Structures are given as C-alpha cells and as structure tokens.
Amino acid sequence: MQLTFNKKRPAPAATLAGLARGEHGILEAFDLPEDLARRLMELGLLPGVEVRAARGAPGGDPRVYHVDGASIALRRETADRVRLRRP
Amino acid sequence: MENCSSCPAATPTAPPKARRRRVAIIGPPNSGKSTLFNRLTGLRQKVANYPGVTVEQRVGQTRLRGRQAVDLLDLPGIYSLEPRSEDEQVTRDVLTGQMPGMPKPDALILILDATSLTRHLALAAPVLHLGLPTLVALNMADELRRRGGEMDTAALAGELGAPVTLISAAHGEGLETVREFLSGAVAVPAPVELPVLQDVPKCRAWAARVSNGAYHAPAPPEWSRRLDEIFLHPLAGPLIFALVVVAVFQSIFSGAVPLMNGVEALVSRSGAWLGTRLPDTAWTALLVEGVWGGVGSVVVFLPQILLLFLFIGILEDSGYLARAALIVDRTMARFGLQGKSFIPLLSAYACAVPAILATRTIEDKRDRMATILIAPLMTCSARLPVYTLVIAAFLPERPLLGPFLGTRAAAMLGLYVLGFLAALATARILKSSILRSRGTSFLMELPSYRWPTLRSLGLRLLDRARVFLRRAGTVILAVAIVLWILAHVPLENGRPAPIERSVAGTIGRTVEPLIAPLGFNWKIGIGLITSLAAREVIVGTLGTIYGMEAEAQSAGLQSALRKDLTPAGAVALLIFFAFAMQCLSTLAVVRRETGGWKWPLLQFGYMTALAYLGALVAHRVALVWM
C-alpha cells in the first residue's frame, strides 16, 4: 500500500495496483512499453473506462480487474504502472 | 432439416465444381471459434502446422444439404489484424492470400462474443475491410439473453454492411444461418463505407457508435463473479485447487481399474480364442503372442488415458483452468515461469505433444522455450502403463487416508510430484542460465464459467482415442512384430531358441553391464531399447518376452516381473521412466516447434543423463533401505 509519509514529495500517482478490493477507478494512462499497453487496450483496459479491483491469487498477486463485464488478470508489477485519473 | 425456401439466391449460380469452397473462421480468443468449428466439422478435421511457423493449422470439412462439401479453416485467435505476433501474422497472410500453398478463402465467418461486443466489435472494421464475403456470427446468444442483454442483428447488419446472426455454438442454436452462409446463400445488406482505424481507442469509439442503437450490453456475469469469490478466496481457493488435483488423480487410478480389467479380459480372451481357431503355425504364434499380446497390453490403458483427458477437458471447458493458472502464477514465477505455463504443463500430464503445441499462448519466447523443454518431465499418460504395472506388481494396496487415498495411488501421486519437482528445478536452472530474461508480463483474460457440453467432451475423447489407437496400430504394432521376430531367431533345430540365445536376448545381454548398476537385467534392457520409440512399448515388450515362457504367461505380467526385478530395481525403473525422454513423437514436435535439432537434442541429452543418474541413486538408496 502506498501511503504518503513525506508531505514535501508530490503524492504518488494513483495506480491500478493501489485500488483495494471492490474499489474502482477511471483509467488514465500507461507507463508501459507500447506493445504491452496495446495488449491491455485490446483486452478492454482503455483510458477513460472504469476498472474495478476484484480478488486475485493468494497473496493478492496477480489480481483480477473487472472491466466492461470482462475479467482481466494482471501482475502487480504491471498494475503498478497503469495510472488512474485523480478523483 | 431446415427449410431453405426463404433463400432464393441458393441455386441459380452454383459454383463451378473445380474446387471446394473454403471458408475461414476468425475471431478473438475465447469467442468460441473452435466450438463452432468442431460443431460444424465433427470428426472430419485434421491438425497441422503452417509452413515455417509454429502456428497450428486446423482444417475440417462440413457437409451441407445436397451433399455439398465446404472446407473450413480454424484460424488462430486474434484481437487485431496488426501483424505483431506470429498468430496475427499467420491470420493476416491467410486472409490476404499470401500464405504459400494456401489459396485465399472464399468467405469468412467472423465470430464475436455477444456478451462482450463492445470490446470484440473493434475487430470487425479491419476484417470487413478485407473485402471478402463475411458473416458476423455473434456467439453465446443464450448467455446474452440470460444476462438481460439485447441485440438487433438487422440494425447492426445495416451499420456493418454485412450479414449478422446470433448463434450459440455450444448448443447448436442459430447454425441454420451459418450453414446457409457456407453454401453461399445469405442475403448481403448494402455495403457501407467503413473507416480505416489504426489505434485501439479509435476502433473502440467506432465500435461503440456502430453498436449504439443495436446492442444493449448484458449485466456483468454475476455467477462467474460469485464463483470467483469462492475459487479465488485466499483460503478456500488454494484448498479447492489441491482437492481438485487429488480428486483427479485418485479417480484416474481407482476409478479406471474396473474398466481396465474389462478391456484386459477382452484382450486375453479374444487372443486365446484366436489361438484355438487358427492352425498351430509360427504365423499364428506371431499373431497371438506378438501382435495380440504386444498391442493388447498397451490398449488396456485406453480407459485410464481417456479418463485423464476427460478431466482436463472438464477443467478447461468450464473455465476453471484459467483460475488455476492465476493461483499458481506466483509459485511458477519463483521458478522463472509464469501462470500461462501451467496450462501446457497440466496438459503434459496427458501428453507432451499437445502440451508443446499449447505453449503457443505464452508470448514470451524464453518462457515458452523453457516450458517446452520441461514439459516431457511431467508425467504423461504413456508412463501410466509402466507405473501401473510396476506399482501393482510390487506394492500391495492398503488404505492410507481412509477411503480417500490408497498406497498405490499415493505411490503414483509421488511419482507425479517427482516429475513436477524435476520440471520446476530444471526450469529454474534454464531460466537463470541460457534462457535468462528480464521480468515478463502476465496478462490473462478469465473466461466466464460455463458448463462443459457432452458433445465437446465427447469429441475430445474420440479424438484422443483415435490418436492413441493409431499409435498402438502403427508404432507399437511395428515394434511388437520386429521384437517378436528378433526374439524368435535364430532357430535351433528348427525350433526357436530360448529367448536368452535369440537376437533380442543377445542385444539385451550386450547392454546389461551398462544397466546392471541400476538393478536391471537383460530383459528390462530390451524393454528400455524398444521404449525409445514410445514409453508404453516396454509393457508390450515384456508381454512378448514373457509370452514366450509358458510358465510366465499363465502367471501374468505382474508376477513374471516380480521374478526379474528386485524391489530396489523396481524403484530404479520407476525413477528412470520418470525422467527419461523416450518418445519419438515429442522429439519430432519439439524439432518442428523450435525449428531445428538443437533444442530436441539438448532435451534428449539432459533427460537421459537425469534418468540414468536418478535411477542409479534410487537403486543404491533402495538397497540400503529395503
């Protein structure tokens, strides 16, 4: 869990990995290589869509995300680099 | 029979008889392409590879009314036509007629998941742009209705300029329209100008606009999500996973026994009957002992192998296998692999050949290569006959955990675990040396849970039975005949010599010094040599060797084996078979998939070394213990 201990640094960007189970967010952008970002978009993870975090493997990694009625599993290292729109 | 009076375009312009119509089925992964393909072709299909690449090519035939036949092509699942992966390149080449030796298809069936249309429809624009007559088949109509979704096919057809139909490939709903399309008799709406779209968001925006009036998306798959709450529960999930694995193994080893006894009785009775009916000549002996005995002792294992394929089929078709891949991903990552390696590795419990073909879903080349190299260490069904025979001969059946686990099933489970651990250790070594890679990604779509249909499971089993019996009828039959002849020549005084002095016996005694440290004698040696073709051949070989000894024949294979092998030797034999690469089919498919002899030879070398050393150590340890 990413908590802001140091107020001087800018708050860390909200990412898919930061969502708690059952929480949802609006996807904004990818900090990922282009081909990987494209694969995610083809699976339905597009900027602007609502993504909800669900259960995952024991230990929470990889985790399932619900988008448009589909269930997509991602490892944390990938979900960490999918930014969400700030509320 | 469907009524075709409503399609007037059917007859006037019958195509010239020069060649059959070819129709390709394309669509995203999990849209039901293969279900539709199987539904239409039944058993009239064959699987091959496209030339030069590792992509599987499935071609089948379907017969329409009026005995018109159409060739169907099941193309790899794709999300777009951008040629980035091998699958997409192949699909594109086939559709544009650039695949060597493969004419451009006459028409296309684009199959999309009706419950995920907003995502899947994006593929329609580039596909319709190809300009081929295309039927857009929206699959899973039953689930769309159940979840309250709606689809106006006529409106969508107008927007796309192509015929649209709702089907349920699994239940055979709406296939009349598909058949009409195959015969070239479906009315095509007025063509429309489609935009050329490059990036995914634009494709999606187009799909959303086009389907806007025609499509009402269904509610999320509540049942699937509720089931995931259980199957992916932090405690219940792994527990259910373990229970599923144990239940599968226990039922394979206990449940199959009555069936196997039945087949065994059938083989031995029919062999005996044949022996009494035919004149007493050398040919009869060859037929009864060599062919019937050799092939029969392998055919006995058909029920067990089919049961294993049945379970894998149920797990895969129901959607649970994808969840299992998710559960084990972290564990696999520790060994340098990923969750997607789990599905090929589980299939390798049935057979390494389909497993190696299934590695195509792993995008990362190094992960894929590592999975191919370790797949034959998983306990495939060809090892079952050997394990069953040796365990039954040396280990008395006693309950261990009440009715749930007996000693024999436990021993079998132990061998499965051993193969699995060896595979993981090897993966670890490979991935930290010659196949080292930077962090790999794991993306997977989890399909909704579905009831597996009897039809699809039945097709799988029929297909596997065919493959197994064909092997028994070719490789195993040939080895059985050659072996029987080698075991009967040269003649002494016009009669076959005792097997020790035959050609086969001489070969066996030549290799005996090499395998004596493992606790094997020359008879086992002959079996090891013949099993280089396929593992289960050793059972038939021993059947043939003992078939020559009247005393052993009546006592049965198990007690005959007890005379030839010490318990320590039996342990060594099991370990040898757990690790050895004795399968020509696997070596051939690895060569084809990796494009050369380098990897299959490396695989053969390391596995043989592992088998020899493992058996040597096991024999020493067992001698001390027993």
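Treat the numbers as computed from the prediction; the structure is a model and nothing was measured.

Considerations on the overall build of chain B
Of regular secondary structure, chain B possesses 27 helices and 12 strands. For chain B, the C-alpha radius of gyration of 28 Å lies close to 25 Å, the compact-globule estimate for 626 residues. With the C-alpha coordinates aligned to their principal axes, the bounding extent of chain B is approximately 85 × 60 × 45 Å. Split into buried and exposed, the 626 residues of chain B put 45% on the buried side.

Here's the deal with the pairing of strand 2 (residues 50-56) of chain A
Residues and elements named next belong to chain A. When you tally the buried positions in strand 2, you get five out of seven residues, the bulk of the element. Note that strand 1 (residues 24-30) and strand 2 share three bridges and pair antiparallel. Directly across from Gly25, in strand 2, lies its bridge partner Val51. Alignment of strand 2 against strand 3 (residues 63-67), held across three bridges, turns out to be antiparallel. Paired with Gly56 across the two strands is Arg63, which belongs to strand 3. Where strand 2 folds back on strand 3, the antiparallel hairpin that results is connected by six residues, among which Gly59 adopts a positive phi of roughly 95 degrees.

With respect to the sheet that holds strand 10 (residues 443-446) of chain B
Pairing is antiparallel in the open sheet, where six strands are placed in the order 5(A)-1(A)-2(A)-3(A)-4(A)-10(B). With one partner strand each, in any of the chains shown, strand 5 (82-84) of chain A together with strand 10 of chain B form the two edges of the open sheet. With strand direction ignored, the average angle separating the axes of adjacent strands in the sheet is 45 degrees. Taken strand by strand, helix 14 (residues 320-334) of chain B contacts strand 2 and strand 4 (70-74) of chain A together with strand 10 of chain B, and its axis lies near 145 degrees from that of strand 10 of chain B.

Overview of the interface of chain B and chain A
Taken together, the contact between chain B and chain A spans 31 residues of the former and 31 residues of the latter. Elements represented by at least two residues in the side of chain B that touches chain A include exactly helix 3 (117-120), helix 8 (200-210), helix 9 (222-231), helix 10 (236-255), helix 14 and strand 10 of chain B. When the residues that make up the side of chain B that touches chain A are grouped by side-chain class, the tally is 16 nonpolar, seven polar and eight charged. Where strand 4 of chain A lies against strand 10 of chain B, four bridges are found, and the strand directions are antiparallel. Paired with A:Ala73 across the bridge in strand 10 of chain B is B:Met444.

Quick look at the packing of helix 17 (residues 365-374) of chain B against helix 19 (residues 407-431) of chain B
All names here are of chain B. Between helix 17 and helix 19, whose axes approach to 9 Å, the crossing angle comes to 140 degrees. Helix-helix and strand crossings are classified by hand; for helix 17 and helix 19 the assignment is right-handed. Packed against helix 17, whose contacting residues are Ala370, Leu373 and Ile374, the element helix 19 presents Ala423, Thr426, Ala427, Leu430 and Lys431 at the interface. Here the contact of helix 17 with helix 19 is built from residues that sort into six nonpolar, one polar and one charged.

Section: the environment of A:Val51
All names here are of chain A. Assignment of secondary structure puts Val51 in strand 2. Taking C-alpha positions, Val51 is 6.4 Å from Tyr65, a pair spaced 14 residues apart along the chain. If we skip the residues at most four places from it in the chain, Val51 touches Leu16, His24, Gly25, Leu27, Leu45, Tyr65 and Val67.

Section: unusual backbone geometry
Of note, the amide linkage connecting A:Asp61 to A:Pro62 takes the cis form, showing an omega dihedral of -5 degrees. The topology assignment puts A:Pro62 in the loop between strand 2 and strand 3. Positioned with a positive phi, B:Met140 is a non-glycine residue whose angle comes to about 70 degrees. Looking at the secondary structure, you find B:Met140 in the loop between strand 6 (134-139) and helix 5 (141-146).

What about the confidence of the model for chain B?
Residue and element names in this part refer to chain B. Here chain B shows a mean pLDDT of 84. Residues at 70 or above account for 92%. Taken element by element, chain B is modelled with least confidence in strand 2 (residues 45-49), mean pLDDT 60, and with most confidence in helix 25 (residues 567-579), mean pLDDT 96. Counted against residues more than four places away or in other chains, residues 1-16, with its pLDDT under 50, gives 11 contacts. The ipTM, which scores confidence in the relative placement of chains, is 0.86 for this predicted complex, and the corresponding pTM is 0.78.

Parameters and conventions
Residues numbered from 1 in each chain as written. Chains lettered and ligands numbered in written order. Predicted model: local features only at pLDDT ≥ 70, side-chain atom pairs only at ≥ 80, totals over all residues. Helix = DSSP H or I, 4+ residues; strand = E, 2+ residues; numbered from the N terminus. Rg over C-alpha atoms; globule rule 2.2 N^0.38 Å. Buried ≥ 20, exposed ≤ 12 C-beta atoms within 10 Å, placed from the backbone. Pairing = 2+ DSSP bridges. Axes fitted to C-alpha atoms, helices over the stretch in contact; angles between N-to-C directions. Contact = placed C-beta atoms within 7 Å. Nonpolar A, V, L, I, M, F, W, Y, C, P; charged D, E, K, R; others polar. Left-handed = near helix turned anticlockwise from the far one by under 90°. pLDDT = per-residue confidence, 0-100.

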